[in-house]
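Spelled out from the first residue to the last, the chains are:
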Amino acid sequence: MNRQRGSIWGCGLLFTMTAMSALGSVLHVENPGFETAGADSEYAANWDYYEPELHMGIGRQWWAKRTGDWGLALYGWNAGDYGTAWQNDIAVNGGGGNRYTFSIWGLAEENFVSADHFVNIKIELKNSSGTVLEEETVNIYAAAKADPGNWNQYSVSIISENPDIAFVTPVLWSQAYDSGDVDPRSFYFDDVEMTQEWAVPEGSTSLLFIFGIALAFLLRGSALHDFRRKTS
Ligand SMILES: [Ca+2]
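What you see is a predicted model, and the numbers here were worked out from it, not measured in a lab.

1. Notes on the pairing of strand S9 (residues 132-139)
Sheet topology places strand S8 (residues 114-126) next to S9; 7 bridges connect them, and they run antiparallel. Bridge assignment links Ile123 to a residue of S9, and that residue is Glu136. Linking S8 to S9, which pair antiparallel, is a turn of 5 residues; within it Gly130 sits at a positive phi near 90°.

Below you can see the structure in the form of structure tokens.
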């Protein structure tokens, strides 16, 4: 491949990579690190829980922190209890991008066991009335269990062109299994981040690449034309 042809291919590739790169923003999440207590100090403000009055299997604990002073812990000793938390009404930016992502840091203590082998993170896309239009779930249990005692960041994303999306909701839930008196046996969550970015839907990459090459040829032809005109 000669240098000129190489540079044209390079232009096409560069254009494709630029077009595919995310141009987006971080969405506003209330109390993303669970630092602020709600009415009940065991629950973080701005987060909702499944039947909180029963003190189900999840709560805000100092020993479950990654950053700051607090984190959210799924109690490994509450056999069969579901721990569920979510935050409603995180507004998306109109025209701010088509890929919505929920990221959270998680840590499985060495002896944590989920009753049905799941720790799920889910993102819901809602319209202005709060109706769920689309949702996606990722089970992070196996990955977290494979690296016990260490924090890792986990993400779940949806690419959607639906113009009615007004809110996104991050949801996390699991069901603990009582592994007896063997500690440590809980699951920690901390540091939620929600983003909205531009992403190219699958299948569009090759079209973009062809367009990028065509653009590179056009620019090259224009530059040659200018050069000939100046030197003639
Ligand atoms: Ca925190």
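We are not done yet, so read on.
2. Examining the nonpolar core
Of all hydrophobic cores here, the largest spans 40 residues; its most connected members are Ile58, Leu72, Ala73 and Val168. Looking at this core, the elements with two or more residues in it are strand S4 (71-74), strand S7 (99-108), S8, helix H2 (141-145), strand S11 (167-176) and strand S12 (187-197). Contact partners of Ala73, with chain neighbours within four places excluded, come to Ile58, Gly59, Gln61, Ala64, Ser186 and Tyr188.

3. Examining unusual backbone geometry
Along the chain, Asp183 connects to Pro184 via a cis peptide bond; the corresponding omega equals -5°. Mapped onto the fold, Pro184 is located in the loop between S11 and S12. The backbone of Asp89 shows a phi angle near 60°, a positive value even though the residue is not glycine. Summarising the element assignment, Asp89 is placed in the loop between strand S5 (82-86) and strand S6 (90-91).

What counts and what doesn't
Residues numbered from 1 in each chain as written. Predicted model: local features only at pLDDT ≥ 70, side-chain atom pairs only at ≥ 80, totals over all residues. Pairing = 2+ DSSP bridges. Helix = DSSP H or I, 4+ residues; strand = E, 2+ residues; numbered from the N terminus. Core = buried A, V, L, I, M, F, W, Y, C linked by C-beta atoms within 7 Å. Buried ≥ 20, exposed ≤ 12 C-beta atoms within 10 Å, placed from the backbone. Contact = placed C-beta atoms within 7 Å.

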